[in-house]
Amino acid sequence: MPELPEVETIKLGLSKKIINKKITDIVVYNKKSFQGNKSDVLQQRVIDVERRAKILRIILENSHSLLFHLKMTGQLIYIDRNKRVAGGHPSHDWHDKLPNKHTRVQFTFDNGAGLFFNDLRKFGWCKVMNQEEVEKSFGLFGPEPFSNDFNLKYLLDKAKRYPARTIKQFLMDQTVVAGIGNIYNDEALFLSKIYPKTKVSKLTSHEWQKIITNVRKVLTKGIKYGGTTDSDYVDADGKSGGMQNHLNVYHKTGEKCQSGCGGIIERIVIGGRGTYFCPNCQKEKI
DNA sequence: CGACGGGCCTGACAGC
DNA sequence: TGCTGTCAGGCCCGTC
């Protein structure tokens, strides 16, 4: 599931490839996957590529934007079929295989390259928005985890508003903090040694401080390793990430805790979401 | 073959 | 009444 590090990785890859290129064609294979007017996008040059929360934004010269939410199974793969690279093309595996049956929207650029929006589950979307609409929708998100606005005072304040929530649900809420999903949530709580069902009203300032530090730590590590590939996630070159080899708890039910504490990782459900933790390191508050 | 998962939105509902 | 917070259900389809 693409979370902040995965979308950031795609952004870094895509910006190297599509800035200054003009979109010359759009093919929509699944109507619900593309919302808005093609005419606002066609023949427009890409000015920049950004990320806000888990949303990827391609900014065009006419100030319209293409926004993508990949939800769980979305992919954005860029392929330049004209490019010949010694030793093989980085996206060689995908080269002659796109579009495939999961391709929902296909963009073509003025250099002949293609950008393929694939999405097995069809939960993801691509929306065309003008400047005002983008600002409005981005304004609904909480602070970015790396911004100064994500601080102790802010969190204590928010926690007061939602005292009954568990810390797991609290961090998943995109209006509280933007970009955290199931994987990095569990990993950050593990590093913070906090039981995921702990009510936010019970957390101390020291614990909140640990949460801030460790949220940033796991997201930074995720970006460093190019994201987590659990099932479908690939970067803009179609390559898998590497962070799945550096996780402590996510999808590790029954395995020994990496800390060496002797605990066995457990899975519970919080707010309908699978949650992984070490019952030894992350003790329930009594 | 049916159950399941999962981010996010919507609508229903509870509480003050 | 009206606002706010919480929760269940729906969207999908490959995997188990």
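The preceding data block contains the structure.
Residues numbered from 1 in each chain as written. Chains lettered and ligands numbered in written order. Predicted model: local features only at pLDDT ≥ 70, side-chain atom pairs only at ≥ 80, totals over all residues. Heavy atoms only, no water.

## Describing the protein's contact with DNA strand B
Among the 15 residues in the neighbourhood of DNA strand B, the closest are listed as K54, H69, M72, R121 and R273. Looking at DNA strand B alone, sugar and phosphate atoms form 56% of those within 4 Å of the protein. In the environment of DNA strand B, a base nitrogen lies 2.3 Å from a nitrogen or oxygen atom belonging to the side chain of R121. Within the surface near DNA strand B, the residues separate by chemical class into 5 nonpolar, 5 polar and 5 charged. (Near = heavy atom within 4 Å. Polar contact = N/O pair within 3.5 Å; in protein donor to acceptor, adjacent residues only side chain to side chain. Nonpolar A, V, L, I, M, F, W, Y, C, P; charged D, E, K, R; others polar.)

## Structural notes on the packing of aromatic side chains
For the coordinates displayed, the defined rule picks out 7 aromatic pairs. Arranged with centres 6.2 Å apart and planes meeting at 45°, the rings of Y78 and F109 form a pair that is tilted. One end of the pair, Y78, is in strand β6 (residues 74-79); the other, F109, is in strand β7 (residues 103-109), and 31 residues separate them in sequence. Using a relative accessible area of 6% as the deciding quantity, one classes Y78 as buried. Over the ring of W125 we find K127, and its NZ or CZ is 4.1 Å from the ring centre. Above the ring of Y162, the side-chain terminus of R165 is found at 3.9 Å from the ring centroid. (Phe/Tyr/Trp six-rings, centres within 6.5 Å; stacked < 30°, edge-to-face > 60°. Helix = DSSP H or I, 4+ residues; strand = E, 2+ residues; numbered from the N terminus. Buried < 20%, exposed > 50% of the residue type's maximum accessible area, 1.4 Å probe, protein only. Lys NZ or Arg CZ within 6 Å of the ring centre and 35° of its normal.)

## Looking at the protein's contact with DNA strand C
All residues adjacent to DNA strand C are K32, H102, L120, R121, K122, F123, R161, Y162, A164, R165 and Q169. The protein-proximal atoms of DNA strand C, defined as those within 4 Å of the protein, are 65% sugar or phosphate. In this structure, R121 approaches DNA strand C through a side-chain N or O atom, which is 2.9 Å from a base oxygen. At 2.8 Å from a phosphate oxygen of DNA strand C is found a side-chain nitrogen or oxygen belonging to R161. For the surface near DNA strand C, the residue count by class is 4 nonpolar, 2 polar and 5 charged.

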